[in-house]
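# Notes for the structure review
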Amino acid sequence: MSNHTRYTGLIDRYRDRLPVSPTARVISLVEGNTPMIELQNIPRMIGKDVKIYVKFEGLNPTGSFKDRGMTMAITKAVEEGSKAVICASTGNTSASAAAYAARAGIKAFVLIPDGKIALGKLAQTLMYNATIIQINGNFDDGMRLVKEVAELAPVTIVNSINPFRLEGQKTAAFEIVDDLGTAPDYHCLPVGNAGNISAYWKGYKEYSTDSATHKAVTNKRPVMCGYQAAGAAPFVAGHPIDNPETVATAIRIGRPQSWDFAIAAQQESGGWFDKFTDDEILAAQKLLSQYEGIFCEPASATSIAGALRDIKSGKIPEGSTIVCTLTGNGIKDPDIAIKQCADAKPITIDADLDAVKRAILDCL
Ligand SMILES: *Cc1c(COP(=O)(O)O)cnc(C)c1O
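Remember, it's a predicted structure, so these values are computed and weren't measured experimentally. (Residues numbered from 1 in each chain as written. Predicted model: local features only at pLDDT ≥ 70, side-chain atom pairs only at ≥ 80, totals over all residues. Heavy atoms only, no water.)

Another aspect to go through is the packing of aromatic side chains. Under the definition given, this model contains 7 aromatic pairs. Geometrically, the ring pair formed by Tyr 186 and Trp 272 is tilted, given 6.1 Å between the ring centres and 50° between the ring planes. Residue Tyr 186 is found in strand S7 (residues 186-190), and its partner Trp 272 is found in strand S9 (residues 272-276); the two are separated by 86 residues along the sequence. Each member of the pair, Tyr 186 as well as Trp 272, is classed as buried. Ring plane angle 20° and centroid distance 4.3 Å describe the contact between Phe 235 and Trp 259, whose orientation is recorded as stacked. Taken together, the residues Phe 235 in helix H10 (residues 234-237) and Trp 259 in helix H11 (residues 259-269) connect sequence positions 24 residues apart. Neither Phe 235 nor Trp 259 differs from the other in exposure class; each is buried. Each residue in the set Tyr 14, Phe 174 and Tyr 207 is aromatic and connected to the rest through ring pairs, giving one cluster. Here the guanidinium or amino end of Arg 17 rests over the ring plane of Phe 174, the centre of that ring lying 5.5 Å away. Over the ring of Phe 109 we find Lys 107, and its NZ or CZ is 5.2 Å from the ring centre. (Phe/Tyr/Trp six-rings, centres within 6.5 Å; stacked < 30°, edge-to-face > 60°. Helix = DSSP H or I, 4+ residues; strand = E, 2+ residues; numbered from the N terminus. Buried < 20%, exposed > 50% of the residue type's maximum accessible area, 1.4 Å probe, protein only. Lys NZ or Arg CZ within 6 Å of the ring centre and 35° of its normal.)

Looking now at the site of the ligand. In the neighbourhood of the ligand, 17 residues make up the surrounding shell, with Lys 66, Asn 92, Asn 193, Ala 194 and Thr 327 lying closest. The backbone of Ala 194 places a nitrogen or oxygen atom 2.8 Å from an oxygen atom of the ligand. A distance of 2.8 Å separates an oxygen atom of the ligand from a polar atom in the backbone of Asn 196. In isolation the ligand offers 380 Å² of accessible surface; the protein chains occlude 97% of this area. Among the secondary structure elements, those contributing two or more residues to the shell around the ligand are helix H9 (195-209) and helix H13 (298-313). (Near = heavy atom within 4 Å. Polar contact = N/O pair within 3.5 Å; in protein donor to acceptor, adjacent residues only side chain to side chain. Areas by Shrake-Rupley, 256 points an atom, 1.4 Å probe, with all protein chains shown as cover.)

Moving on to a nonpolar patch on the surface. A cluster of nonpolar residues, Ile 347, Ile 349, Val 356, Ile 360, Leu 361 and Leu 364, forms a patch on the protein surface that exposes about 620 Å² of accessible area. Inspection of the secondary structure puts Ile 349 in the loop between helix H14 (334-340) and helix H15 (353-363). (Patch = residues over 30% accessible without salt bridge, like charges linked within 9 Å, V, L, I, M, F, W, Y side chains within 5 Å. Salt bridge = Lys/Arg side-chain N within 4 Å of Asp/Glu carboxyl O.)

Right, let's talk about the sheet that holds S7 for a bit. Sheet strands line up and pair through hydrogen bonds in the backbone, either parallel or antiparallel. Pairing within the open sheet is mixed, and its 6 strands lie in the order S1-S2-S10-S7-S8-S9. On the outer flanks of this sheet lie strand S1 (36-38) and S9, each paired with one strand and no other. Strand-to-strand twist across the sheet, computed as the mean angle between neighbouring axes with direction ignored, equals 25°. (Pairing = 2+ DSSP bridges. Axes fitted to C-alpha atoms, helices over the stretch in contact; angles between N-to-C directions.)

Our focus in this paragraph is the sheet that holds strand S5 (residues 131-135). The strand order across the open sheet built from 4 strands is S5-S4-S3-S6, with neighbouring strands paired in parallel fashion. Each of the sheet's edge strands pairs with one partner strand only, and the pair in question is S5 and strand S6 (156-157).

On to the UniProt feature "binding site: pyridoxal 5'-phosphate" (unreviewed entry) in the chain, then. Per the UniProt annotation, the sites labelled "binding site: pyridoxal 5'-phosphate" (unreviewed entry) are Asn 92, Gly 192, Asn 193, Ala 194, Gly 195, Asn 196 and Thr 327. These annotated residues cover 236 residues of sequence, but their C-alpha atoms sit close together, with the largest distance between any two at 14.3 Å. By the element assignment, Gly 192 lies in the loop between S7 and H9. With relative accessibility at 7%, the residue Gly 192 sits in the buried group. (UniProt positions renumbered as here; feature names shortened; annotations may be inferred.)

Notably, Asn 33 is not glycine yet its phi reads approximately 55°, a positive angle. Overall, Asn 33 belongs to the partly exposed group, its relative accessible area being 41%. Phi is positive for Asn 129, which is not a glycine, with a value near 75°. Position of Asn 129 among the secondary structure elements: in the loop between helix H5 (119-127) and S5. Look at Asn 129 and you get exposed, because its relative accessible area is 61%.

Turning our attention to the pairing of S7. Counting buried residues along S7, 5 of its 5 residues qualify, which places the element largely inside the surrounding structure. Relative to strand S8 (residues 223-229), S7 is paired through 5 bridges, and the arrangement is parallel. Its bridge partner lying in S8, Tyr 186 is registered against Val 223. Of the strand pairs in this sheet, S7 and strand S10 (residues 321-326) are connected by 3 bridges, and their pairing is parallel. When the sheet's bridge partners are listed, Tyr 186 is paired in S10 with Ile 322.

The next point concerns the UniProt feature "modified residue: N6-(pyridoxal phosphate)lysine" (unreviewed entry) in the chain. Per the UniProt annotation, the sites labelled "modified residue: N6-(pyridoxal phosphate)lysine" (unreviewed entry) are Lys 66. One can find Lys 66 in helix H3 (residues 66-79). On the basis of relative accessibility, which here comes to 13%, the residue Lys 66 falls in the buried class. Leave out the neighbours within four places in its chain, and Lys 66 touches Asn 92, Thr 93, Ser 96 and Arg 165. (Contact = heavy atoms within 4.5 Å.)

This part takes up the domain arrangement of the chain. The figure often quoted for interface size is the accessible area lost as the parts come together. Domain annotation of the chain identifies domain 1 (10-63 + 163-341) and domain 2 (65-157). Summarising the inter-unit geometry, the C-alpha centres of domain 1 and domain 2 are found 22 Å apart. Contact residues are listed per partner, giving 48 residues for domain 1 and 37 residues for domain 2. Of the roughly 3,500 Å² buried between domain 1 and domain 2 on both sides combined, carbon and sulfur atoms contribute 55%. Summed over the shared surface of domain 1 and domain 2, the number is 4 salt bridges. Taking the shortest distance from any N to any O, the salt bridge between Arg 68 and Glu 175 comes out at 2.9 Å. Inspection of the domain 1/domain 2 interface yields 22 residue pairs in polar contact (both at pLDDT 80 or more). Counting residues per element, the ones that place at least two in the side of domain 1 that touches domain 2 are helix H1 (10-13), helix H7 (163-169), helix H8 (171-180) and H14. With 5 residues, the single largest contributor to the side of domain 1 that touches domain 2 is H7. For the side of domain 1 that touches domain 2, a count of residues per class yields 16 nonpolar, 18 polar and 14 charged. (Domains from an automatic or database assignment. Buried area = accessible area lost by both parts, 1.4 Å probe. Nonpolar A, V, L, I, M, F, W, Y, C, P; charged D, E, K, R; others polar.)

Shown next, in the form of structure tokens:
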């Protein structure tokens, strides 16, 4: 007898905890169930006794955690009879919305900041056949316009102000608790529009208060650490900012929509916000690739920059278990990666055995 069941996506797995009706047509690309990878080399290098896991959300179907929210948002949009969805995006929301809309057979409109979107994300959105509207403005301008146009045109907003987005995204916290058997001591993640930190906190809270449905249920909740780019750090400043700027385009946001939820997550969990320069973010991205073999996008590496700074300073004490969310896949942003490795030029030689041998021996 086999008790094998195929994983079919996060709505099926956590249906008892999600607002989906039994008859709904589920729009899924089998998202979620992403790996938790324990870092092996970096903790040793910094000489601290900590357990650091990365939750690699870059392994979702379109390469970012946005798919968790999008399976819910598009499932609900279809259930409600919507024929078109719209979002403002720094890239990953547009790729995800476009993919799930294609799957559902409805239309997607995406507003993106002109020239400030990573190449891979643009390629995805084009391939999934969304209608791309580039604006001469930033994400915050796009967000304002999306909210205004949704009042006038028959389109459903699938940004994280759509509450179903956070419902889907909270399942990442469930998976972490199911994996570890308990919540971590600290949860570190990048903060842009602040939907994700809000969703994780919602997930951890729900799992810690519910009884026996899932074996791993525990009362423990992590301290939430929200990390931002120095040029786009409204939570560190304590107020929205104009003209956010950072190499980490996924978090180039000055007016986060989930402001109150994110502040509640920080305060209720006893956590904090902090900010990192572009150089620090890129150094963390390189470190993780070079010493662990895990390639995330720049915004995602902010969680690593933050965790490492706070572990080194003792703010996160030895003996702690830490989970860092790697929000997106590094191959989405090849330009930044190649620029960063400009010194590591390929070795060019003749197509000749001796020359290859010499090139290898020179490097050993
Ligand atoms: C969307 C995104 C973020 C920011 O998440 P918010 O919910 O907007 O705070 C961070 N990293 C990546 C890769 C993203 O796509």
